[in-house]
Amino acid sequence: MTKEELHNLSDDKLQEKAKELKLSRITRAILIGLLAGVTIWGVAHQRYGVSLLIPLYFIVMLIRKDKKDKVLKEVLKERGLL
C-alpha cells in the first residue's frame, strides 16, 4: 500500500495491519533461518548449484518484502500506534 492509502485508514484498521505485520515478520524470520540452514547444509556437503541458488533467491525476496513494510511502520509511528 502507498503512504496516502495508509493515511486514509482508521486507527483500528492500522492496528490490524500492525498485528499482521508482526506475524509476517516472525514468519519471514523463520523462513529466512530455514533457508539459510539449507544453504549452509548445501555448502557443507559441497552441493553447489540449484540447491544453493534457490534458497538464496528466496532469502533476498523475503528481505525485500521486509523493506516494503517500512512505509506501514512510518505511518504507525506518526500516529503513535506502534
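*Asks:* What is the right way to look at the overall build of the protein chain in this model?
*Replies:* Looking only at helices and strands, the protein chain features four helices and zero strands. If you list the helices and strands of the protein chain from N to C, you get α-α-α-α. Taken along its principal axes, the extent of the C-alpha atoms in the protein chain is 50 × 20 × 15 Å. The burial tally for the protein chain puts 20% of its 82 residues in the buried class.

*Asks:* It is not clear to me how the packing of helix α2 (residues 11–44) against helix α3 (residues 50–68) should be interpreted in this structure. Could you clarify?
*Replies:* Where α2 meets α3, the axes come as close as 9 Å, and the angle between the chain directions of the two elements is 155°. Comparing the axis directions of α2 and α3 gives the class roughly antiparallel. The handedness of the crossing between α2 and α3 comes out as left-handed. Packed against α2, whose contacting residues are Arg25, Arg28, Leu31, Ile32, Leu35, Ala36, Val38, Thr39 and Val43, the element α3 presents Ser51, Leu52, Pro55, Leu56, Phe58, Ile59, Leu62, Ile63, Lys65 and Asp66 at the interface. Here the contact of α2 with α3 is composed, by residue class, of 13 nonpolar, two polar and four charged.

*Asks:* Help me out: how do you make sense of the environment of lysine 17 in this one?
*Replies:* Locating lysine 17 in the fold gives a position in helix α2. On the basis of relative accessible area, lysine 17 is assigned to the partly exposed category, the value being 28%. Between the alpha carbons of lysine 17 and isoleucine 40 there is a distance of 34 Å; along the sequence they are 23 residues apart. In this structure lysine 17 touches Met1, Leu9 and Leu72, once residues within four positions along its chain are discounted.

*Asks:* Is there a simple way to explain the nonpolar core in this structure?
*Replies:* Across soluble globular proteins, nonpolar side chains show a tendency to be buried alongside one another. In terms of nonpolar packing, the biggest core is built from seven residues, these being Leu6, Leu14, Ala18, Leu21, Leu72, Val75 and Leu76. Elements supplying a minimum of two residues to this core: α2 and α4 (70–79).

*Asks:* Please explain the side chain of aspartate 69 as it appears in this structure.
*Replies:* Within the element layout of this structure, aspartate 69 appears in the loop between α3 and α4. Every residue in contact with aspartate 69, bar those within four places of it in the chain, is listed here: Leu21, Ser24 and Arg28.

What counts, and at which threshold
Residues numbered from 1 in each chain as written. Predicted model: local features only at pLDDT ≥ 70, side-chain atom pairs only at ≥ 80, totals over all residues. Heavy atoms only, no water. Helix = DSSP H or I, 4+ residues; strand = E, 2+ residues; numbered from the N terminus. Buried < 20%, exposed > 50% of the residue type's maximum accessible area, 1.4 Å probe, protein only. Axes fitted to C-alpha atoms, helices over the stretch in contact; angles between N-to-C directions. Parallel < 35°, antiparallel > 145°, perpendicular 65-115°, else oblique. Left-handed = near helix turned anticlockwise from the far one by under 90°. Contact = heavy atoms within 4.5 Å. Nonpolar A, V, L, I, M, F, W, Y, C, P; charged D, E, K, R; others polar. Core = buried A, V, L, I, M, F, W, Y, C linked by side-chain atoms within 4.5 Å.

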